[in-house]
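# Residue-level structural notes
Chain by chain, the residues run as shown.
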Amino acid sequence: MLNRAQIFNYLTLISAVCTIYFALWSMSNEYNPIISVILMCVMLIFNYISRKMNRKENIHTKNQKKVVSNIKIKSEEN
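Scoring rules and cut-offs
Residues numbered from 1 in each chain as written. Predicted model: local features only at pLDDT ≥ 70, side-chain atom pairs only at ≥ 80, totals over all residues. Heavy atoms only, no water. Helix = DSSP H or I, 4+ residues; strand = E, 2+ residues; numbered from the N terminus. Expected span 1.5 Å × (residues − 1). Buried < 20%, exposed > 50% of the residue type's maximum accessible area, 1.4 Å probe, protein only. Contact = heavy atoms within 4.5 Å. Patch = residues over 30% accessible without salt bridge, like charges linked within 9 Å, V, L, I, M, F, W, Y side chains within 5 Å. Areas by Shrake-Rupley, 256 points an atom, 1.4 Å probe, with all protein chains shown as cover. Salt bridge = Lys/Arg side-chain N within 4 Å of Asp/Glu carboxyl O. Lys, Arg positive; Asp, Glu negative; His and termini not counted. Charge placed at Lys NZ, Arg CZ, Asp CG, Glu CD. Phe/Tyr/Trp six-rings, centres within 6.5 Å; stacked < 30°, edge-to-face > 60°.

### Comments concerning helix α1 (residues 4-28)
Its 25 residues place the ends of α1 36 Å apart at the C-alpha level, agreeing with the 36 Å of an ideal helix rising 1.5 Å per residue. Residues of α1 that are buried include every one of Ala5, Phe8, Thr12, Ser15, Ala16, Thr19 and Ser26, and no others.

Given below as structure tokens:
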């Protein structure tokens, strides 16, 4: 199952693709690009949240590696 960080990664990707699609659509139809601007803002918000969650996940992984290496060093000393 997907965790929160992966969900926000996919939401960022989907909103980026939709932003590009609506930007091209509004250019070809000479339509007001407000939809593209709104989608771009949503994409930036999802991107910010996703980066924060990914950073938290990496910090936890680094801490777990330190704990494992400390246990390994202590077991070698004995």
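Let's pick the thread back up.
### Concerning the environment of serine 15
Structurally, serine 15 can be placed in helix α1. Distance from serine 15 to methionine 43, taken between C-alpha atoms, is 5.3 Å for residues 28 residues apart in sequence. Excluding its chain neighbours within four sequence positions, the residues that come into contact with serine 15 are Met43 and Phe46.

### Some remarks on the environment of phenylalanine 22
Relative to the helices and strands, phenylalanine 22 resides in helix α1. Sequence-wise, phenylalanine 22 and valine 42 are 20 residues apart; in three dimensions their C-alpha atoms are separated by 13 Å. Sequence-distant contacts of phenylalanine 22, defined by excluding residues within four places in its chain, comprise Ile35, Ser36 and Leu39.

### Notes on a positive patch on the surface
Positive charge collects at one region of the surface, where Arg4, Arg51, Lys52, Arg55 and Lys56 lie side by side. Looking at which element gives the most residues to the positive patch, the answer is helix α2 (residues 34-77), with four residues. Tracing the backbone shows arginine 51 in helix α2.

### Notes on the side chain of threonine 12
Tracing the sequence through the fold places threonine 12 in helix α1. Residues in contact with threonine 12, not counting those within four places in the same chain, are Met43, Phe46, Asn47 and Ser50.

### What about the packing of aromatic side chains?
What the rule picks out here adds up to four aromatic pairs. An aromatic cluster of at least three residues, connected via ring pairs, comprises Tyr21, Phe22, Trp25 and Tyr31.

### Quick look at the side chain of serine 36
Note that serine 36 resides in helix α2. Apart from residues lying up to four places away in sequence, serine 36 is in contact with Thr19, Phe22, Ala23 and Ser26.

### With respect to unusual backbone geometry
Its identity as a non-glycine residue notwithstanding, glutamate 30 has a phi of 50°, on the positive side. Looking at the element boundaries, glutamate 30 is found in the loop between α1 and α2. Classification of glutamate 30 by relative accessible area gives exposed; the value is 76%.

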